[in-house]
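What the coordinates show
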Amino acid sequence: MHPTWMLTILVGLTAAFVWSANRRWQLLKVGRPESRSDRLWARLKSVFVFAIAQKRMRNYPLAGAAHMLIFGGFVILLLRTLILWGRGFDPTFSLWILGEEPVKLPGLGLVPLGHVYELVKDVVALLVVCGAAVFLYYRLVKREARMTQSGEAVLILVIITTMMLSDMLYDGAALALHHRHAATVCGTDAELCQSVTKIVAHLGPTPAEAGAVPWGLYPSPVGSTVAQLVGGLSPGLLVVLAHIGFWTHSTLVLVFLNLLPYSKHFHVITSLPNVFARDLTPPGRLPLLAPTAEAIGERVMAAVDTPDKAEPVGIARLEQLSWKALLDFYTCTECGRCSDNCPAHRTGKMLSPKQFTIDLRNHLYRREHELLNRPGGPTGKVDDGHGHGANGHGEGEHAHAEGEHGEGEHGEGHAHDEAHEHGDDHGHHAPVYPDNPVPVPDVASKPIDLVPDVVHPDVLWACTTCRACEEQCPVMISYVDKIVGIRRNLVLVRGEFPAALAGPFQGMEVNGNPWNLARLDRANWAEGLDIPSMADKPDAALLYWVGCAASYDDRAKKIARATATLLRAAGVDFAILGQEETCSGDPARRAGNEYLFAMLAEQNVATLNGYKEKGGVKTILTACPHCFNTLKNEYKDFGGDYEVVHHTDYLLGLVAEKKLTPRKSVEGRVVFHDSCYLGRYHEIYDEPRDILRSIPGVELVEVAEATRHKGLCCGAGGAQMFMEEQNKDRMNVRRTLQLIDTGASTIATACPFCMTMITDGLKDRNKEDDVRMADVAELLLESCGLDKGAGRPTEAEPAAEVVEAAASPAE
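Residues numbered from 1 in each chain as written. Predicted model: local features only at pLDDT ≥ 70, side-chain atom pairs only at ≥ 80, totals over all residues. Heavy atoms only, no water.

1. Focus on helix H14 (residues 353-366)
The line we're drawing: In this description a helix means any DSSP run of H or I spanning at least four residues, a strand means any run of E spanning at least two, and both kinds are numbered starting from the N terminus. In a helix, the anticipated span is given by 1.5 Å times the number of residues less one. Think of it in three bands: with a 1.4 Å probe and only protein chains considered, a residue is buried below 20% of the maximum accessible area for its type, exposed above 50%, and partly exposed in between.
With 14 residues, H14 should cover 20 Å at 1.5 Å per step; its first-to-last C-alpha distance of 20 Å lies within 8% of that length. Among the 14 residues in H14, twelve count as buried, and that is most of the element. Taken together, the buried positions of H14 are Pro353, Lys354, Gln355, Phe356, Thr357, Ile358, Asp359, Leu360, Arg361, His363, Leu364 and Tyr365.

Shown next as structure tokens:
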């Protein structure tokens, strides 16, 4: 077409993109090092499943289908773009194998690859336009609330649509010229002849006689349709239209590419590497701060005493995030699926996972020039003039002297302006930046704490760590690790946390439970059941880990008694730790108190490993999903590697082996509430339902659109069990209403925390007398135990007596 113009466009716009991409690459180096190159096959599989096949996009069917059409279209039409760029230098260029002539392929003979691709390209381009139309509808007409509404997003969609339509225009005008004018124009106008010849050169021999453009489904349905629409125009006008279509498409592709690093559509480039670099450790395993409680204590003291030299404790500032966290920011599509499923956001709390990511990304981009040009470049040291390093905690900007803190909701934390003068429409605290000159090369930059300058503390303390956000994110962005990381710094270094957590922290440290009840009472729930302790039976193969809730909470004690009774009825050889058991540390860790968690973990691992050396503790059974996760995934970092099973999984095995036989009918509609730490964290969805299905009389129902991985959190995780919610729209009540709406007469759970929260929800709605709350183990016990032939009772204690003992707990 015009080699000089094409070369100028290609070189100029490509160079501009390389410059922008390099800036983003350099900015990524601000993050701390982190290895994400292990388990190559698993990472490649993730890329295929989540990035290419886009598995999670299907959770929102229409939007997911539209996105997949656009994504697939771009992949297929990449060849078309290369062809058009090539035709800027050689009008006949068709990527060597996609021209008019068939290509000989081994075993297939002559194959018209060019015509086949032309057909596929036409159909795909039309589908891309349809996909873009869906998103334009969401943004301009329906204005989907979960999406960030912006002119930039609309501009990108218009560009995509224009690229497709311009390509169709080029094809149609070229076909019209080829059929109607190529045979005649050269005899009348030499200059026009030259232009027409270049445009139609790729279409093969010119027809001997001019004629109408025939429409055909093959090979170019869209091109031939456009050709018929414009066929009546003059050859000169058709040449103009062909050039408009050709140069618009060829140029817009590169314009689009240059917009990517500065828009949310950067995910077009970063989503594949972000999925590849996803965390492959179990989702319930938080990053380790230090290998021992002593090491954590030393690190905390160093961070307080010598912040300029110390390793960071948690995340205080942008520079203490990993490069993968920064890549997460690049990759956020602002689709809002995370916030749309976040229980905190849905009930009006300050937390919006989407806005949390956007705020941090904007903070990163706002400081780009400063961070790239500081001494040492992107990885260099940040100095505020007082000798504080990049990983230290600057005392100059946020003094922590006594008298500067409020004793309000956040205990010893900063007092904040309640007006949120700079807040956005989500109620978030907008970033505030120091009023200093734009830094220049080799000029030190000033450290900025993320809390409260970028993220309001209420955003962090609203999180239940349920992972609904992470479960829905189509590009595998993580949120829980960042939120807990910031909590760690607030709790351990700055001593800022909700006042309500002070009691649970003290209770776990002193008495090994968050209610600070006497350790001597830990095994009182088992009175009358003759359950041996590990001290009496150190070689017991199965350890029943009871957990704090079932040891001290009156309602949860019934779950422990039911579970233990079923185990005995099935002839299972098991024991409990009794007073030797202490809190697993889950609430402390999720609340950011990593030091306390490490103390509890080390104590429990020492106890468990001691009995393991004596031939016991081959398997640990627990009815608490939080303990289940901690024992299974997180104690490995402290030398505790155990086979851990949840009680629903274990009891289902006993039913399958006929060691427990549900016989008595338990009539009624039963809805099962999925615990986040059982379902989203460990994919245990079917086992509790299978137990319920095995019980005669049970009609299992589900919450429409809010079950399994889309189930709403009860609101207890992330140490929220021990804090008050930030407003009157309570998560447990919202979830209870969903469960009640199924018409169920019984709500079944498999978590003592969920039991408490849903029970409170029923009381809030005065439904506690109308709807029954029961653990899956309790329902199984009822179906087995009230039939004298149920299970495998021992000769010394028949099943009926076992059931009677379980039904009358000593409290």
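2. Comments concerning the nonpolar core
Here is the rule: For this analysis, a nonpolar core means a set of buried residues of the types Ala, Val, Leu, Ile, Met, Phe, Trp, Tyr and Cys, connected via side-chain atoms within 4.5 Å. In this analysis, two residues are considered to be in contact whenever any of their non-hydrogen atoms come within 4.5 Å of each other.
Grouped together as the largest cluster of nonpolar side chains are 203 residues, with contacts concentrated most on Trp525, Tyr544 and Leu660. When residues in this core are grouped by element, the largest group, 14 residues, is from helix H5 (residues 151-180). Those residues within four positions of Trp525 in sequence are excluded, and the remaining contacts are Ile531, Tyr544, Val546, Ala550, Ser551, Lys557, Ala560, Arg561, Ala564 and Ile576. Counting residues in each nonpolar core, the second largest holds nine residues, with Leu286, Cys466, Tyr677 and Cys713 among its members.

3. A look at the sheet that holds strand E6 (residues 644-646)
Selection rule: In short, DSSP must find at least two bridges between two strands for them to pair. Here, axes are lines fitted to C-alpha atoms. For helices the fit covers the stretch in contact, and angles between N-to-C directions go from 0 to 180 degrees.
Spatial ordering of the open sheet is given by E4-E3-E5-E6, a layout of four strands whose pairing is parallel. Each end of this open sheet is capped by a strand with a single partner; those strands are strand E4 (574-575) and E6. Summarising the sheet, strand E5 (residues 619-622) and E6 pair through three bridges and their orientation is parallel. Directly across from Thr622, in E6, lies its bridge partner His646. In this fold helix H25 (residues 625-634) packs onto strand E3 (542-545), E5 and E6, with an angle of close to 165° to the strand it touches most, E6. Strands E3, E5 and E6 of the sheet are contacted by helix H26 (residues 647-656), whose axis makes an angle of about 80° with E6.

4. Focus on the packing of helix H4 (residues 113-141) against H5
Applied cut-off: Here the word oblique covers every angle except those under 35 degrees (roughly parallel), over 145 (roughly antiparallel) and from 65 to 115 (roughly perpendicular). Whether a crossing is left-handed or right-handed is set by the direction in which the near helix is turned from the far one by less than a right angle, anticlockwise for left-handed and clockwise for right-handed. Residue polarity follows a fixed list, in which Ala, Val, Leu, Ile, Met, Phe, Trp, Tyr, Cys and Pro are nonpolar, Asp, Glu, Lys and Arg are charged, and the others, Gly among them, are polar.
Packing of H4 against H5 leaves a shortest axis separation of 9 Å and a crossing angle of 155°. The angle between H4 and H5 falls in the class roughly antiparallel. Once H4 is placed against H5, the crossing between them reads as left-handed. Taken together, the residues of H5 that come into contact with H4 (itself represented by Glu118, Lys121, Asp122, Ala125, Leu126, Val128, Val129, Ala132, Phe135, Leu136, Arg139 and Leu140) are Ala153, Val154, Leu157, Ile160, Thr161, Met164, Leu165, Asp167, Met168 and Asp171. Taken together, the residues that form the contact of H4 with H5 break down as 15 nonpolar, one polar and six charged.

5. Describing the environment of Val239
Considering the arrangement of structural elements, one finds Val239 in helix H8 (residues 235-259). Val239 sits 44 residues away from Ser195 along the chain, and the two C-alpha atoms are 7.1 Å apart. Other than its neighbours up to four places away in sequence, Val239 contacts Leu177, Leu192, Ser195, Val196 and Ile199.

6. Section: the side chain of Arg43
Defined as follows: Any N or O atom pair separated by 3.5 Å or less is treated as a polar contact, with the protein-specific requirement of one donor-capable and one acceptor-capable atom, and with residues adjacent in sequence counted only for side-chain atom pairs.
On the secondary structure map, Arg43 appears in helix H2 (residues 40-52). At 2.6 Å, the side chain of Arg43 forms a polar contact with the side chain of Asp38. Aside from chain neighbours lying at most four places away, what touches Arg43 is Arg36, Ser37, Asp38, Phe276, Ala277, Arg278 and Leu280.

7. Some thoughts on helix H10 (residues 293-305)
Convention followed: What the arc describes is the spread of directions from the helix axis to the C-beta atoms.
The end-to-end C-alpha distance of H10, which contains 13 residues, comes to 18 Å, matching closely the 18 Å that a straight helix rising 1.5 Å per residue would cover. Among the residues of H10, Ala293, Ile296, Val300 and Ala303 are the ones counted as buried. For H10, the arc enclosing every buried residue in end-on projection is 85°, short of the 170-degree limit, so these residues lie on one face. For H10, exposure combined with an orientation more than 90 degrees from the buried face picks out Glu294 and Asp305.

8. Description of the pattern of salt bridges
Put simply, the test is: Just to be clear on terms, a salt bridge is a Lys or Arg side-chain nitrogen sitting within 4 Å of an Asp or Glu carboxyl oxygen.
Per the stated rule, a full pass over the model turns up 42 salt bridges. Arg36 is the partner of Glu34 in a salt bridge, and the nearest nitrogen-oxygen pair spans 2.8 Å. Among the salt bridges present, the one from Arg80 reaches Asp171, with a minimum N-O distance of 2.5 Å. Of the two residues, Arg80 is situated in helix H3 (residues 61-87) and Asp171 in helix H5; the sequence distance between them amounts to 91 residues. With a relative accessible area of 5%, Asp171 lands in the buried category.

9. Digging into the pairing of strand E7 (residues 668-672)
Every regular strand shows the same layout, with side chains that alternate between the two sheet faces. Let me state the cut-off plainly: The path from the first strand over the helix to the second decides the hand: if it runs clockwise while the strands point away from the viewer, the crossover is right-handed.
Note: E7 against strand E8 (residues 698-701), four bridges, orientation parallel. Among the inter-strand pairings, Gly668 is bridged to a residue of E8, identified as Val698. For the crossover from E7 across helix H27 (residues 686-694) to E8, the handedness is right-handed. By the bridge criterion, three bridges tie E7 to strand E9 (residues 746-749) in an arrangement that is parallel. Bridge assignment links Val670 to a residue of E9, and that residue is Thr746.

10. Notes on the confidence of the model for the protein chain
Rules: pLDDT gives the predictor's per-residue confidence on a scale running from 0 to 100.
Scored by pLDDT, the protein chain has a mean of 87; 87% of the residues are at 70 or more. Per-residue pLDDT stays below 50 along residues 382-441; that stretch engages in 140 contacts with residues further than four places along the chain or on separate chains. Considering only residues more than four positions removed or in separate chains, one finds that residues 786-811, a stretch of pLDDT under 50, has 48 contacts.

11. Focus: the sheet that holds E9
Backbone-to-backbone hydrogen bonds pair the strands of a sheet. The strands run either parallel or antiparallel. Here we have four strands laid out as an open sheet, ordered E8-E7-E9-E10, and parallel in their pairing. For this open sheet the edge positions go to E8 and strand E10 (772-775), each flanked by a neighbour on one side alone. Between one strand axis and the next, the sheet turns through 35° on average, direction left out of account.

12. What to know about the packing of H27 against helix H30 (residues 776-785)
Contact pair H27 / H30: the axes reach a minimum separation of 10 Å and the direction vectors enclose 25°. Accordingly, the angle class assigned to the pair H27 and H30 is roughly parallel. Considering how the two elements wind past one another, H27 and H30 form a crossing that is left-handed. Taking contact as the criterion, the partners of Pro688, Ile691 and Leu692 in H27 are, on H30, Val776, Leu779 and Leu780. Considered class by class, the residues forming the contact of H27 with H30 number six nonpolar, no polar and no charged.

13. A look at the packing of aromatic side chains
Two aromatic rings, taken as a pair, are described by how far apart their centres are and by the angle between their planes. Worth spelling out the cut-off: Aromatic rings from Phe, Tyr and Trp, taking only the six-membered ring of Trp, are treated as a pair when their centres fall within 6.5 Å; an angle between ring planes under 30 degrees marks them as stacked, one over 60 as edge-to-face, and anything in between as tilted. Charge-over-ring placement is defined geometrically: NZ (Lys) or CZ (Arg) within 6 Å of the ring centre, and within 35 degrees of the ring normal.
Scanning the model with the defined rule gives 16 aromatic pairs in all. Considering the side-chain rings of Tyr137 and Tyr138, the 6.0 Å spacing of their centres and the 45° angle between planes classify their relative orientation as tilted. Among the residues examined, Tyr138 registers a relative accessible area of 8% and is labelled buried. Through successive ring pairs, a cluster of aromatic residues spans Trp5, Tyr170, Phe246 and Trp247. The side chain of Arg24 reaches across the aromatic face of Tyr365, ending 3.9 Å from its centre.

14. Some details on the pairing of E9
The alternating pattern of E9 places Thr746 and Ala748 and Ile747 and Thr749 on opposite faces, both of which are buried. Pairing geometry for E9 and E10, over four bridges, is parallel. Residue Ala748 lies in a different strand from E10, and its bridge partner there is Ala774. Between the parallel pair E9 and E10, the chain is carried across by helix H29 (residues 752-764), and the sense of this crossover is right-handed.

15. Regarding a nonpolar patch on the surface
The condition that has to hold: Patch criteria: residues need more than 30% relative accessible area and no salt bridge. Like-charged residues are merged within 9 Å; nonpolar side chains of Val, Leu, Ile, Met, Phe, Trp and Tyr are merged within 5 Å. Under the convention used here, a 1.4 Å probe and the Shrake-Rupley method define accessible areas, while residue burial counts only the protein chains that appear.
Residues Val116, Val120, Trp215, Leu217 and Tyr218 make up a contiguous nonpolar surface patch of roughly 490 Å² in combined accessible area. Within the secondary structure layout, Trp215 lies in the loop between helix H6 (190-200) and helix H7 (221-230).

16. Considering the state of the cysteines
Let me state the cut-off plainly: Whenever a pair of cysteine sulfur atoms sits within 2.5 Å, that pair is classed as a disulfide.
Enumeration according to the criterion identifies zero disulfides in this entry. Here Cys335 is not disulfide-linked; the sulfur of Cys338 is the nearest cysteine sulfur, at 6.3 Å. You can call Cys335 buried: its relative accessible area is 18%. Free of any disulfide, Cys463 has its nearest cysteine sulfur in Cys469, 6.4 Å distant. Overall, Cys463 belongs to the buried group, its relative accessible area being 7%.

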